[in-house]
Amino acid sequence: MKIDLTDTTSSKINAALMEARRISGSTAAGMVLTLVIVTDEGSAYDALKAANDASREHPSRTLAVIKRAGRSPRARAETRLDAEILAGSDAGSGETVILRMHGELVAHAQSVVLPLLLPDAPVVVWWPENSPAHPAQDPLGSIAQRRITDAVTAESPVGQLAQRAQSYTPGDTDLAWTRITGWRSMLAAALDQRPARITSAVVEGESYNPSVELLGLWLHNRLHVPVERVVTGGPGITAVHLRTADGDITLDRPDGLMGTLSMPGSPDRQVALKRRETSELIAEELRRLDPDDIYATAVRTPVERLREPANAETAAAEKVAHAIAEATVAEATVANPARVTAAVLTAEKAAAEKAAVESAAPAAEPAAAKKAPAKAAKRTTKRSDS
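Residues numbered from 1 in each chain as written. Predicted model: local features only at pLDDT ≥ 70, side-chain atom pairs only at ≥ 80, totals over all residues. Heavy atoms only, no water.

1. Considerations on the environment of Trp126
Point 1. Inspection of the secondary structure puts Trp126 in strand β6 (residues 123–126).
Point 2. The spatial distance from the C-alpha of Trp126 to the C-alpha of Ala51 is 10.0 Å, given a sequence separation of 75 residues.
Point 3. Sequence-distant contacts of Trp126, defined by excluding residues within four places in its chain, comprise Leu35, Val36, Ile37, Val38, Ala47, Ala50, Ile148, Leu175, Thr278 and Ile282. (Helix = DSSP H or I, 4+ residues; strand = E, 2+ residues; numbered from the N terminus. Contact = heavy atoms within 4.5 Å.)

2. A short note on the side chain of Asp292
Point 1. Along the chain, the position of Asp292 falls in the loop between α9 (278–285) and α10 (293–299).
Point 2. At 3.1 Å, the side chain of Asp292 and the side chain of Trp177 are in polar contact.
Point 3. Separated by 3.3 Å, the side chain of Asp292 and the backbone nitrogen of Ile294 make a polar contact.
Point 4. Among all residues touching Asp292, those that are not within four sequence positions of it are Arg146, Tyr168 and Trp177. (Polar contact = N/O pair within 3.5 Å; in protein donor to acceptor, adjacent residues only side chain to side chain.)

3. Here we look at the layout of surface pockets
Point 1. Its volume calculated, the largest pocket comes out at about 730 Å³.
Point 2. Mapped by element, the contributors of at least two residues to the lining of the largest pocket are α2 (41–54), α7 (181–193) and α9.
Point 3. Examining the composition of the lining of the largest pocket, we find that six residues originate from one element, α2, more than from any other.
Point 4. Grouping the amino acids of the lining of the largest pocket by side-chain chemistry returns 14 nonpolar, eight polar and 12 charged. (1 Å grid on protein atoms, 1.4 Å probe; cavity = no way out; pocket = protein on both sides within 12 Å on 5 of 7 lines; lining within 4 Å. Points joined across faces, edges and corners; volume = space filled by probe spheres on them. Nonpolar A, V, L, I, M, F, W, Y, C, P; charged D, E, K, R; others polar.)

4. Some thoughts on the confidence of the model for the protein
Caution applies to low-pLDDT regions: their predicted coordinates should not be interpreted in detail.
Point 1. Looking at the protein, pLDDT values average 81 and 76% of them are 70 or higher.
Point 2. Ignoring residues within four places in sequence, the model shows residues 361–386, a span with pLDDT below 50, making zero contacts including any to other chains. (pLDDT = per-residue confidence, 0-100.)

5. Details of the sheet that holds strand β8 (residues 172–174)
Point 1. The strand order across the open sheet built from eight strands is β1-β4-β5-β3-β2-β6-β7-β8, with neighbouring strands paired in mixed fashion. In the strand order of this sheet, the two ends are held by β1 (2–5) and β8, each with one partner. Pairs of neighbouring strands in the sheet enclose a mean axial angle of 15 degrees, with direction left out of account. (Pairing = 2+ DSSP bridges. Axes fitted to C-alpha atoms, helices over the stretch in contact; angles between N-to-C directions.)

6. What about helix α5 (residues 157–166)?
The periodicity of an α-helix, 3.6 residues per turn, causes residues three or four places apart in sequence to face the same way.
Point 1. When we look at burial in α5, the residues that qualify are Pro157, Gln160, Leu161 and Arg164. For α5, the angular spread of buried residues about the axis comes to 115 degrees, placing them on one side. The exposed residues of α5 that point more than 90 degrees off its buried face are Ala162 and Gln166.
Point 2. Summarising the contacts, the buried residues of α5 are in contact with β7 (146–149), β8, α8 (210–223) and α10. (Buried < 20%, exposed > 50% of the residue type's maximum accessible area, 1.4 Å probe, protein only. Arc of directions from axis to C-beta.)

7. Side note on the pairing of strand β13 (residues 258–262)
Point 1. A one-sided burial pattern is seen for β13, the buried positions being Gly259 and Leu261 and the unburied ones Met258, Thr260 and Ser262.
Point 2. Sheet topology note: the strand β12 (residues 247–252)/β13 ladder contains three bridges and is antiparallel. Within the sheet, the bridge partner assigned to Leu251 lies in β13 and is Leu261.
Point 3. Hairpin connection, β12 to β13: the antiparallel pair is bridged by five residues, and Gly256 has positive phi, about 75 degrees.
Point 4. Pairing geometry for β13 and strand β14 (residues 269–272), over four bridges, is antiparallel.

8. Some remarks on the packing of α2 against α9
Point 1. Between α2 and α9, whose axes approach to 8 Å, the crossing angle comes to 55 degrees. Taken as axis vectors, α2 and α9 run oblique relative to one another. Taken as a pair, α2 and α9 cross one another with a handedness that is right-handed. Only Thr278, Ser279, Ile282 and Ala283 of α9 make contact with α2, whose side of the interface consists of Ala50, Asp53 and Ala54.
Point 2. Broken down by class, the residue content of the contact of α2 with α9 amounts to four nonpolar, two polar and one charged. (Parallel < 35°, antiparallel > 145°, perpendicular 65-115°, else oblique. Left-handed = near helix turned anticlockwise from the far one by under 90°.)

9. Some details on the pairing of β7
Point 1. Residue alternation in β7 divides its side chains into two sets, Arg146 and Ile148 and Arg147 and Thr149, and both sets are buried.
Point 2. Pairing of β7 with β8 involves three bridges; the strand directions are parallel. The residue bridging Arg147 from the neighbouring strand is Asp172, located in β8.
Point 3. Regarding topology, α5 serves as the crossover connection from β7 to the parallel β8, and that connection is right-handed. (Right-handed = clockwise from strand over helix to strand, strands pointing away.)

10. A short note on the sheet that holds β14
Point 1. The mixed open sheet is built from six strands, whose spatial order is β10-β9-β11-β12-β13-β14. Looking at the sheet topology across the chains shown, the edges are occupied by β10 (227–231) and β14. Strand after strand, the sheet turns through a mean of 20 degrees between neighbouring axes, direction not considered.
Point 2. Relative to the sheet, α7 contacts β11 (237–244), β12, β13 and β14, its axis offset from that of β11 by approximately 25 degrees.

11. Topic: α2
Point 1. Taking 1.5 Å of rise per residue, 14 residues should cover 20 Å, and α2 covers 20 Å from first to last C-alpha, within 8% of that figure.
Point 2. On the buried face of α2, the contacting elements are β2 (33–39), β3 (60–68), β5 (95–102), β6 and α9. (Expected span 1.5 Å × (residues − 1).)

12. Structural notes on the side chain of His58
Point 1. Looking at the element boundaries, His58 is found in the loop between α2 and β3.
Point 2. Of note is the side chain of His58, whose polar atom sits 3.4 Å from the side chain of Glu57.
Point 3. Here His58 is in contact with Val32, Ala283, Leu286 and Arg287, once residues within four sequence places are set aside.

13. Topic: the packing of aromatic side chains
Point 1. Scanning the model with the defined rule gives two aromatic pairs in all.
Point 2. Their ring planes at 55 degrees and their centres at 5.8 Å tell us that Trp177 and Tyr295 sit as a pair that is tilted. Remark: Tyr295 occurs in helix α10 and Trp177 occurs in helix α6 (residues 175–178); sequence separation between them is 118 residues.
Point 3. What makes Tyr295 buried here is its relative accessible area of 2%.
Point 4. One aromatic cluster in this structure is built from Tyr168, Trp177 and Tyr295. (Phe/Tyr/Trp six-rings, centres within 6.5 Å; stacked < 30°, edge-to-face > 60°.)

See the structure below:
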């Protein structure tokens, strides 16, 4: 069911919602929260589709706020509210109201939204794009328990993390953090299966993807080890390496679909690590309405804590050379284990002899120095006697 209201008010919209509910035969609301989407005409369709899909898991009243200030002075002076109401199958498992605000009404969006909120239900505000610098201080963000932003849509996605850290208020979250839930779960499960002391970590991914930085900062905070950031062509996060004394624990996902988990002493396993749609990310965020303390700790950690290789080409070459050397030793071991063992022992013996010579050299130099002055003194005495 679709109802169009032109030049309307909040009370008329509420009356139309009640009428639509009565016509559909559902007098009870049966919705658990109010989702407010602050967007523009260009992003409204995708955002509403994602909210519609997420409502099948979380029945909610969705209020899409589209601000149209106008280009001409006359349009900016005009104050008008147009509404489009979607109910029934057109709105998923809830109700959808698209609010188009014109003119001066743009600066007072909260006065239109407040009467349309579900009574005694949580409020979540989502900015798909163009999120405010301080979401909790925004007029619409101040009425919400949860505020969702998306750093990847900013002009400088990685730089946006610094802004999120500066303006963080309990209840804030970002979809860049939600996108790494699968990676965090897989890495935590791998360490549960094989407890080991992690000495360092490497995170590989796209240069402009803030999720890569957040994953590295999370590993740095949880494991208290240095984390290296390596830039790749993507898509998204491509690999994570956890260094241990027994070998690397690696989670690799080169194609954005399936990942491969490799652990020392265990066969490689394929794991589901597909890049998720926006509707799945929103549905996950709507499952919890309390502050995310782990996200707060990660986003407040400066990105400068992540190290970058001094020369990416040199690092890649060293990595390839190391892999070739390990493969060569492995092949030689299979062919002749005794010869390889003897070669290793000979190399160790030569290294020990070299170390002994180097340690003995400083001790011999002082003795020679003492002997030389003694000989010189003896010659001087003989000359004086003569």
